[in-house]
Protein chains: 4
Amino acid sequence: MDAKQILIMESAKKSFSLFGYKGTTMDQIAKIAGVGKATIYTFFENKEVLLHAIVQSLVAEMKAVAQQAIDQEQTTHERIHRAIYGILLFRKEHELLIQLSHEVQQYGNQVAQQALTSIEREVIDFMSQHIERAVSSGSMKPCDPKITAFIVFKMYVALVFDWEQHEPPLTDEKISELLNLYLMNGLAIS
Amino acid sequence: MDAKQILIMESAKKSFSLFGYKGTTMDQIAKIAGVGKATIYTFFENKEVLLHAIVQSLVAEMKAVAQQAIDQEQTTHERIHRAIYGILLFRKEHELLIQLSHEVQQYGNQVAQQALTSIEREVIDFMSQHIERAVSSGSMKPCDPKITAFIVFKMYVALVFDWEQHEPPLTDEKISELLNLYLMNGLAIS
Amino acid sequence: MDAKQILIMESAKKSFSLFGYKGTTMDQIAKIAGVGKATIYTFFENKEVLLHAIVQSLVAEMKAVAQQAIDQEQTTHERIHRAIYGILLFRKEHELLIQLSHEVQQYGNQVAQQALTSIEREVIDFMSQHIERAVSSGSMKPCDPKITAFIVFKMYVALVFDWEQHEPPLTDEKISELLNLYLMNGLAIS
Amino acid sequence: MDAKQILIMESAKKSFSLFGYKGTTMDQIAKIAGVGKATIYTFFENKEVLLHAIVQSLVAEMKAVAQQAIDQEQTTHERIHRAIYGILLFRKEHELLIQLSHEVQQYGNQVAQQALTSIEREVIDFMSQHIERAVSSGSMKPCDPKITAFIVFKMYVALVFDWEQHEPPLTDEKISELLNLYLMNGLAIS
DNA sequence: GATGAATGAGACTTCATTCAT
DNA sequence: AATGAATGAAGTCTCATTCAT
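Every value quoted in this text rests on a predicted model; they were computed, and no experiment measured them. (Residues numbered from 1 in each chain as written. Chains lettered and ligands numbered in written order. Predicted model: local features only at pLDDT ≥ 70, side-chain atom pairs only at ≥ 80, totals over all residues. Heavy atoms only, no water.)

Q: Please set out the side chain of glutamine 5 of chain A residue by residue, giving values where relevant.
A: As for its placement among the helices and strands, glutamine 5 of chain A is situated in helix 1 (residues 3-19). For glutamine 5 of chain A, a relative accessible area of 18% puts it in the buried group. (Helix = DSSP H or I, 4+ residues; strand = E, 2+ residues; numbered from the N terminus. Buried < 20%, exposed > 50% of the residue type's maximum accessible area, 1.4 Å probe, protein only.)

See below:
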């Protein structure tokens, strides 16, 4: 890919993040990138196309992070942890940018949205397989592996990401402990 | 409040939901409402002010739904269920509109955002008190009531709302059963 | 004339003087006058008509001041002084308002302009008659009475009004002395 | 300066002179100049800024005319005559435009106003120096040079410019003769 | 007669996009 | 290939005026 094209995308990403889609003018992007305004149109047909290109590249980058985590040689627990954490870190960083896609077309950007969730689903699928095996081997109560993986994922996100939006963040040990408490042992007095 | 003002807000809400903030022109709103364009400016200083007024009214409406559920004479379980469900239904319906507020000001609309989460927090607080009592009375394992309420809420949202975005929805009985499985009994083989 | 009509004219005069013609809205005038906006249109067909009415009333008032000075029983010198001074005071006070008429119509407001100068011309005519008599009686060199009256008027305005726009004002005695020096005795060394 | 910029300024000057500030639309100016409406905004941020630019250029042009007259190799009398005459001609031609600046800001345009009077004052200063020398050399009665120069200027304006607004214009000889009569010899019978 | 709610007409301004250089 | 001067299209907002009450 052309180095200038990347330069333009980086500049646009910066400006979109700071001022929003509508708040960013092509002049501004050109100035940040240090190129002529018309040059942008050599690479991107549209302002909208430019945004989509950026979103797509972010999605791809995110996918790579998750895949890399899963592919690594580590304990299952560790790989899941890394994959989810990678997604979350990334989402946190670029949440704004992803939301920007709504500015352009209400329903048109479902592509990016679906791409994002598809990554999450792959991670969930990965977890699902492990849960299925755990149930088969008798190390876990019988349960719907898909729903369970989904719940584990959501709970993980809740504890790692959502919780620290209003409260002091939890340590990794605490999170691990809580997951065990809620999901494995349960709150009921036996 | 003036009937015409409400008419304008409803028309704007409709158009904002369909075409987005930028995609909605004042002319369009006026035509839908069947009033002159300038009439809108009699009630709302700005296009932006108009949007904020709509968002605020939605927040207020949502708060009322949750509060009403909590105030009702029912079992605790039922009240929590209704409160969360009311919030979710509402959020589902108007999610788009709330996200629109991002189009206007990147950081300026935190008010609406905070208002929304504050409702959730009130519901969570309400649940927290009940959990605390359950722990004291020995009908539940010792645990941080706040985190536990937060987890219950998130799990509830995950099962009722998030799940059905990609999979066939779960019945109320199934949801109840799953909550029991995951949170009360746990997945571990005792 | 209706008391409300006068009230409206006074309010409009105030606002026009402060904010200009364009800068004054009918709403503003109505608020100052403490009447409904539409009430203004009961008395004045137009915003422009309203301005013209105000200008005309100012012209009339000015005319009265000059006439009154001339009609008074005093020395000729004193009457001329009073008449010119009256005009100047008035002009000073309402100069702004008179200039406003230019905002409305470039050439349409010559009426007001002509009315104003017609007053000056009447004063000049009055002086002219006295100069003519002075020349006839041999107490003044032969000269065109009209031009001379015009020059006296202009010199008077220059010394009394124009001079003090940039320099400390001259006393009445100094002005009298200067008029004598320049017009009667001349600067030439005999 | 860009040729297109000048073209726009000329077009705007024409339209402002004909229809006033308020009466001139940007569309109109663009059409006269034969450019797109937005092109005007490439050179002038505002309609108001455009007007000010025109006024400033007129002031500069006027200053040049006066300075050029003073700098010429001629008799003192002739130079003063040319300088004053230049100012008057110019003022006559563009008086309308200068008054237009009042439409925009009541008190804000004092800059242009002051610039204009500052030119007059320079001319008066120039005359003042010559009068001072004449008094010193005994060819003129003792008098305040500044006031005298001011009076000569005003009288000159009155005879050349103001007089012909209502009466047939005076010839140059007649004007010279009258200045001599009134200012040098005086009307008094010796 | 008095009013103010409602509005049409129109003004200024912005900006994504193009095209000649 | 790169550019920036030029612009058409469109949007927001203002305000003098009217008309039903």
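Q: Help me get a handle on the relation of the copies chain C and chain D, residues and values and all.
A: A rotation about an axis combined with a shift along that same axis relates the two copies of the chain. For the pair chain C and chain D, the relating rotation is 179°, the translation along its axis is 0.2 Å, and the fit reaches an RMSD of 0.3 Å. On this basis, the relationship between the two copies can be described by a two-fold rotation axis. For chain C, the smallest separation between a C-alpha atom and the rotation axis is recorded for glycine 186 of chain C, amounting to 1.9 Å. Same-surface contact between copies: 100% of interface residues of chain C are shared with the interface of chain D. (Least-squares fit on C-alpha atoms with pLDDT ≥ 70 in both. Contact = heavy atoms within 4.5 Å.)

Q: I'd love a proper account of the packing of aromatic side chains, names of residues and values included.
A: Throughout the structure, instances matching the rule amount to 8 aromatic pairs over all chains. Here the aromatic rings of phenylalanine 150 of chain C and tryptophan 163 of chain D are separated by 5.0 Å at their centres, their planes lie at 70°, and the arrangement is edge-to-face. Remark: tryptophan 163 of chain D occurs in the loop between helix 7 (145-162) and helix 8 (172-185) and phenylalanine 150 of chain C occurs in helix 7 (residues 145-162); the pair is interchain, linking two chains. By the burial criterion, phenylalanine 150 of chain C is buried, and tryptophan 163 of chain D matches it. Over the face of the ring belonging to tyrosine 21 of chain B we find lysine 47 of chain B, whose NZ or CZ atom lies 4.5 Å from the ring centre. (Phe/Tyr/Trp six-rings, centres within 6.5 Å; stacked < 30°, edge-to-face > 60°. Lys NZ or Arg CZ within 6 Å of the ring centre and 35° of its normal.)

Q: Explain the protein's contact with DNA strand F residue by residue, including any values.
A: The environment of DNA strand F is formed by 31 residues, the closest being Ala38 and Thr39 of chain A, Lys37 of chain B together with Ala38 and Thr39 of chain D. In this structure, tyrosine 41 of chain B approaches DNA strand F through a side-chain N or O atom, which is 3.0 Å from a phosphate oxygen. Taking methionine 26 of chain C, its main chain carries an N or O atom lying 3.1 Å from a phosphate oxygen of DNA strand F. Mapped by element, the contributors of at least two residues to the surface near DNA strand F are helix 3 (37-43) of chain A, helix 2 (26-33) and helix 3 (37-43) of chain B, helix 3 (37-43) of chain C together with helix 3 (37-43) of chain D. With 5 residues, the top contributor of residues to the surface near DNA strand F is helix 3 of chain D. Considered class by class, the residues forming the surface near DNA strand F number 11 nonpolar, 11 polar and 9 charged. (Near = heavy atom within 4 Å. Polar contact = N/O pair within 3.5 Å; in protein donor to acceptor, adjacent residues only side chain to side chain. Nonpolar A, V, L, I, M, F, W, Y, C, P; charged D, E, K, R; others polar.)

Q: Describe the interface of chain C and chain D, listing the residues and the values that go with them.
A: The partner chain D presents 45 residues to the 45 residues of chain C that form the contact. In this assembly, chain C packs against chain D so that about 4,200 Å² is buried in total across both faces, 65% of it on carbon and sulfur atoms. Of all residues in chain C, Lys141, Tyr182 and Leu187 of chain C bury the most surface against chain D, accounting for 16% of the area lost on that side. Between chain C and chain D we count 6 salt bridges in total. Contributions of two or more residues to the side of chain C that touches chain D are made by helix 1 (3-19), helix 5 (76-104), helix 6 (110-136), helix 7 and helix 8 (172-185) of chain C. With 10 residues, helix 7 of chain C is the largest single contributor of residues to the side of chain C that touches chain D. Grouping the constituent residues of the side of chain C that touches chain D by class yields 24 nonpolar, 12 polar and 9 charged. (Buried area = accessible area lost by both parts, 1.4 Å probe. Salt bridge = Lys/Arg side-chain N within 4 Å of Asp/Glu carboxyl O.)

Q: Quick rundown of the environment of isoleucine 70 of chain D? Include the residues and the values.
A: All names here are of chain D. Secondary-structure assignment places isoleucine 70 in helix 4 (residues 47-71). Counting along the chain gives 14 residues from isoleucine 70 to isoleucine 84, while the straight-line C-alpha distance between them is 9.6 Å. With residues near it in sequence (within four places) discarded, isoleucine 70 still touches Arg79, Ala83, Val123 and Phe126.

Q: Summarise the protein's contact with DNA strand E; cite the residues concerned and give the values.
A: Not every one of the 31 residues close to DNA strand E is listed here, only the nearest: Ala38 and Thr39 of chain B, Ala38 and Thr39 of chain C together with Lys47 of chain D. Near-protein atoms of DNA strand E (within 4 Å) split between backbone and bases, with sugar and phosphate holding 61%. Contact between DNA strand E and methionine 26 of chain D: a phosphate oxygen at 3.1 Å from a main-chain N or O atom of the residue. Between DNA strand E and the protein, one listed contact pairs a base oxygen with a side-chain N or O atom of lysine 37 of chain D at 3.0 Å. Elements supplying a minimum of two residues to the surface near DNA strand E: helix 3 of chain A, helix 3 of chain B, helix 3 of chain C together with helix 3 of chain D. When residues in the surface near DNA strand E are grouped by element, the largest group, 5 residues, is from helix 3 of chain B.

Q: Mind laying out the UniProt feature "DNA-binding region" (unreviewed entry) in chain A, listing which residues take part and the relevant values?
A: UniProt feature "DNA-binding region" (unreviewed entry): in the numbering of this structure it lies at residues 25-44 of chain A. Secondary structure within residues 25-44 of chain A divides into 75% helix and 0% strand; the distance between the first and last C-alpha atoms comes to 14 Å. (UniProt positions renumbered as here; feature names shortened; annotations may be inferred.)

Q: Tell me about helix 8 (residues 172-185) of chain A, residues and numbers included.
A: The terminal C-alpha atoms of helix 8 of chain A lie 19 Å apart, and with 14 residues this matches the ideal 20 Å at 1.5 Å per residue to within 8%. Restricting attention to buried positions, one finds in helix 8 of chain A the residues Ile175, Leu178, Leu179, Leu181, Tyr182 and Leu183 of chain A. Angularly, the buried residues of helix 8 of chain A cover 165° about the axis, an arc narrow enough to put them on a single face. The inward-facing, buried residues of helix 8 of chain A contact helix 7 (145-162) of chain A together with helix 7 (145-162) and helix 8 (172-185) of chain B. (Expected span 1.5 Å × (residues − 1). Arc of directions from axis to C-beta.)

Q: Before we move on, can you summarise the relation of the copies chain A and chain B with the specific residues and values?
A: When chain A is fitted to chain B, the residual RMSD is 0.2 Å, and the transformation amounts to a turn of 179° plus an axial shift of 0.0 Å. Interface overlap between copies is the fraction of interface residues in one copy that are interface residues in the other; for chain A against chain B it reaches 100%, indicating a shared surface.

Q: If you had to explain the pattern of salt bridges to someone new, which residues and values would you point to?
A: In the structure shown here, the tally under the stated rule is 25 salt bridges over all chains. Notably, a salt bridge pairs glutamate 10 of chain B with lysine 13 of chain B, separated by 3.6 Å at the nearest N-O pair. With glutamate 10 of chain B and lysine 13 of chain B both in helix 1 (residues 3-19), this residue pair falls 3 residues apart, about one helical turn. Of the residues examined, lysine 13 of chain B reaches a relative accessible area of 14% and is grouped as buried. The closest approach of N and O atoms between glutamate 167 of chain C and arginine 121 of chain D, which form a salt bridge, is 3.8 Å. Of this pair, glutamate 167 of chain C sits in the loop between helix 7 and helix 8 while arginine 121 of chain D sits in helix 6 (residues 110-136), each in a different chain. What makes arginine 121 of chain D partly exposed here is its relative accessible area of 38%.

Q: Which residues make up the interface of chain A and chain B, and what values go with them?
A: With 45 residues of chain A at the interface, the matching set in chain B holds 45 residues. Summed over both partners, the interface of chain A with chain B buries about 4,200 Å², with 65% contributed by carbon and sulfur atoms. Interface area lost by chain A to chain B is led by Lys141, Tyr182 and Leu187 of chain A, which between them contribute 16%. Connecting chain A to chain B are 6 salt bridges. Its salt-bridge partner being glutamate 167 of chain B, residue lysine 146 of chain A comes within 3.4 Å of it at the nearest N-O pair. At the boundary of chain A and chain B, one finds 8 residue pairs in polar contact (both at pLDDT 80 or more). Only helix 1, helix 5 (76-104), helix 6 (110-136), helix 7 and helix 8 of chain A provide two or more residues apiece to the side of chain A that touches chain B.

Q: Talk me through the packing of helix 1 of chain B against helix 2 of chain B; I want residue IDs and the actual numbers.
A: The description of two helices packed together rests on the angle between their axes and the distance between the axes. All names here are of chain B. For the pair helix 1 and helix 2, interaxial distance at closest approach is 8 Å and the crossing angle is 125°. If you check the angle between helix 1 and helix 2, you find them oblique. Viewed along their axes, helix 1 and helix 2 form a crossing whose handedness is right-handed. Residues Leu7, Ile8, Ser11, Ala12, Ser15, Phe16 and Phe19 of helix 1 form the contact with helix 2, whose own contacting residues are Gln28, Ile29, Ile32 and Ala33. Partitioning the contact of helix 1 with helix 2 into residue classes produces 8 nonpolar, 3 polar and no charged. (Axes fitted to C-alpha atoms, helices over the stretch in contact; angles between N-to-C directions. Parallel < 35°, antiparallel > 145°, perpendicular 65-115°, else oblique. Left-handed = near helix turned anticlockwise from the far one by under 90°.)

Q: Describe the environment of methionine 140 of chain A, naming the residues involved and giving the relevant values.
A: Along the chain, the position of methionine 140 of chain A falls in the loop between helix 6 and helix 7. Considering only alpha carbons, one finds methionine 140 of chain A and methionine 184 of chain A, 44 residues apart in sequence, at a separation of 8.6 Å. In contact with methionine 140 of chain A, not counting residues within four places along its chain, are Ile131, Ala134, Val135 and Met184 of chain A together with Leu187 and Ile189 of chain B.

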